Amino acid sequence: LNEAEKYLSKDMKVRRADVLSAWQGYRPLASDPNAAPGAPVSRDHIISTNPDTGITFITGGKWTTYREMAEDVLNRVIKMKGLKAGPCVTDTMPLRGGVGYSRNIPVQLVQDFGVSEETAKHLARTYGVNAFEVCKLTKPSGKKWPRFGNVLIEGYPYLECEIEYCCKNEMVVTVKDMLTLRTRLAYLNSAAALEAAPKVADLMGKSLGWSKAETKRQLDEALAALTEFGGAVPKKVGSKLSAATLTDIRALFDQFDLDKNGFIDYQEMKMMAKELGSPFETEEEAQKTFKKMDVDNNGRVYEDRFVQWWHETGPDDKLRKELGNKFKFSAEKLGTGSESRGVAFG
């Protein structure tokens, strides 16, 4: 985050809460088994021919150079075997959906199908001319605008009907694949992907004829993969809060205040309750607890009000009770007003 700030306005502070998704991966480096001793490991693809079998193979490389890789290995084989072939044409071959593509397709999608401009641009970029086929599967939204196209989750252009299209035309067979490599939602917003996962599993189950057991297995597999992505809340934040690091109730407030703007909102309360091992079982339960904190009914719970909630609510509130048990806060030591400073573990 500190590195990112170097390239942004000096007036802008990049916060941990601004991170919508985080992940890590491994970049494989290719080593040619037939190379001379001491040859360096390549960061690009390598082509090698087995001296015993005469088989030529290629390894390494990356997604963005797959056409170059194909051209290089075929050119090598053609030269070695003395074959005749014309110039390679892979760099001029359009991708699926590319034949007939034009920049006006998003406009046509809006005009012909009544989808939103954002969705139209997304569909055109993703499916090319096949975006028209996707739009034929859209259903009425029940809104004045956009009239057609129900999104998987608010704030993102992905449509529910894309699930059906991909299952029937693009060989998607797992919820995990749909949420990661196909829509890339997990890489854009891990929390949004987690929220959309049950709906995606249900839609895929209907398109592919899954049983209830298979739908559940698929969903569980996807959720397990999605929990490996980071987000606004650092992973394992709950395990970092202990008697050694959390010395009073105000420090707990700081943990809940993810974006460090001086107050807790409803989503922050839910996210931190989950991370601290006390997730709400229902939305109604979460709303009830937040309502106790938010006495001003403005969606913001400031520090003093959080301390007051802790003191006045008592252990009859589930979240209050579970956090009290987890961190051994003593309600008797809390006090009120200025006396509430420095609340330690009981």
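Note: the structure precedes this text.
Residues numbered from 1 in each chain as written. Predicted model: local features only at pLDDT ≥ 70, side-chain atom pairs only at ≥ 80, totals over all residues. Heavy atoms only, no water.

Visitor: Describe in detail the overall build of the protein chain, supporting the description with residues and values.
Guide: A count of helices and strands for the protein chain gives 16 helices and 4 strands. When each of the 346 residues of the protein chain is scored for burial, the buried share is 38%. For the protein chain, the share of sequence-separated contacts (at least 6 apart) that also reach a separation of at least 24 residues comes to 52%. About 21,200 Å² of surface is accessible on the protein chain, with carbon and sulfur atoms providing 53% of the total. (Helix = DSSP H or I, 4+ residues; strand = E, 2+ residues; numbered from the N terminus. Buried < 20%, exposed > 50% of the residue type's maximum accessible area, 1.4 Å probe, protein only. Contact = heavy atoms within 4.5 Å. Areas by Shrake-Rupley, 256 points an atom, 1.4 Å probe, with all protein chains shown as cover.)

Visitor: Outline the pairing of strand 2 (residues 56–59), listing residues and values.
Guide: Pairing geometry for strand 1 (residues 46–49) and strand 2, over 4 bridges, is antiparallel. The residue of strand 2 that forms the bridge with I46 is T59. In this antiparallel pair of consecutive strands, strand 1 and strand 2, the connection spans 6 residues, and G54 shows a positive phi of 75°. (Pairing = 2+ DSSP bridges.)

Visitor: So, the pattern of salt bridges: which residues are in play, and what are the values?
Guide: In total, this model carries 15 salt bridges according to the counting rule given. E3 serves as the salt-bridge partner of K6, at 2.9 Å between the closest nitrogen and oxygen. Taking the relative accessible area as the measure of exposure, E3 reaches 42% and is therefore partly exposed. The salt bridge partner of K168 is E164, with a shortest N-O separation of 2.9 Å. (Salt bridge = Lys/Arg side-chain N within 4 Å of Asp/Glu carboxyl O.)

Visitor: Could you give me a rundown of the nonpolar core, with the residues and numbers involved?
Guide: Core analysis: the largest hydrophobic core is formed by 41 residues, its most contacted members being L109, L185 and M204. Per-element tally for this core: the top contributor is helix 9 (residues 190–208), with 8 residues. Those residues within four positions of L185 in sequence are excluded, and the remaining contacts are I153, Y156, Y158, L179, T180, S190, A192, A193 and A196. (Core = buried A, V, L, I, M, F, W, Y, C linked by side-chain atoms within 4.5 Å.)

Visitor: So what about the packing of aromatic side chains? Which residues, and what values?
Guide: Scanning the model with the defined rule gives 11 aromatic pairs in all. Ring centres 5.7 Å apart and planes at 55° place the aromatic pair F253 and F306 in the tilted group. Of this pair, F253 sits in helix 12 (residues 249–256) while F306 sits in helix 15 (residues 303–313); the two residues are 53 residues apart in sequence, bridging distant segments of the chain. With respect to class, F253 is no different from F306; both count as buried. With a centroid separation of 5.6 Å and an interplanar angle of 65°, the aromatic rings of F263 and Y302 are classed as edge-to-face. Within this pair, whereas F263 is found in strand 3 (residues 263–264), its partner Y302 is found in strand 4 (residues 301–302), the two being separated by 39 residues in sequence. Ring-pair connections join several aromatic residues into one group, and the members of that group are F253, F256, F306, W309 and W310. Positioned above the aromatic ring of F263, the side-chain terminus of R300 is 5.4 Å from the ring centre. (Phe/Tyr/Trp six-rings, centres within 6.5 Å; stacked < 30°, edge-to-face > 60°. Lys NZ or Arg CZ within 6 Å of the ring centre and 35° of its normal.)

Visitor: Outline the environment of M80, listing residues and values.
Guide: Inspection of the secondary structure puts M80 in helix 2 (residues 66–81). For M80, a relative accessible area of 41% corresponds to the partly exposed category. Taking the C-alpha atoms as reference points, M80 and G54, separated by 26 residues in sequence, lie 10.0 Å from one another. With sequence-adjacent residues up to four places away left out, M80 is seen in contact with T49 and T56.

Visitor: Describe the environment of Q108, and please don't skip the residues or the numbers.
Guide: Checked against the element boundaries, Q108 lands in helix 3 (residues 105–113). Sequence-wise, Q108 and A120 are 12 residues apart; in three dimensions their C-alpha atoms are separated by 8.5 Å. Setting aside residues no more than four positions away along its own chain, Q108 makes contact with S102, F113 and F132.

Visitor: Explain the packing of helix 14 (residues 283–293) against helix 15 residue by residue, including any values.
Guide: Look at helix 14 against helix 15: their axes get within 9 Å of each other, and the N-to-C directions meet at 110°. The angle between helix 14 and helix 15 places the two elements in the roughly perpendicular class. From helix 14, T289, K292 and M293 reach across to helix 15, where they touch R305, F306, W309 and T313. Across the contact of helix 14 with helix 15, the residue classes break down as 3 nonpolar, 2 polar and 2 charged. (Axes fitted to C-alpha atoms, helices over the stretch in contact; angles between N-to-C directions. Parallel < 35°, antiparallel > 145°, perpendicular 65-115°, else oblique. Nonpolar A, V, L, I, M, F, W, Y, C, P; charged D, E, K, R; others polar.)

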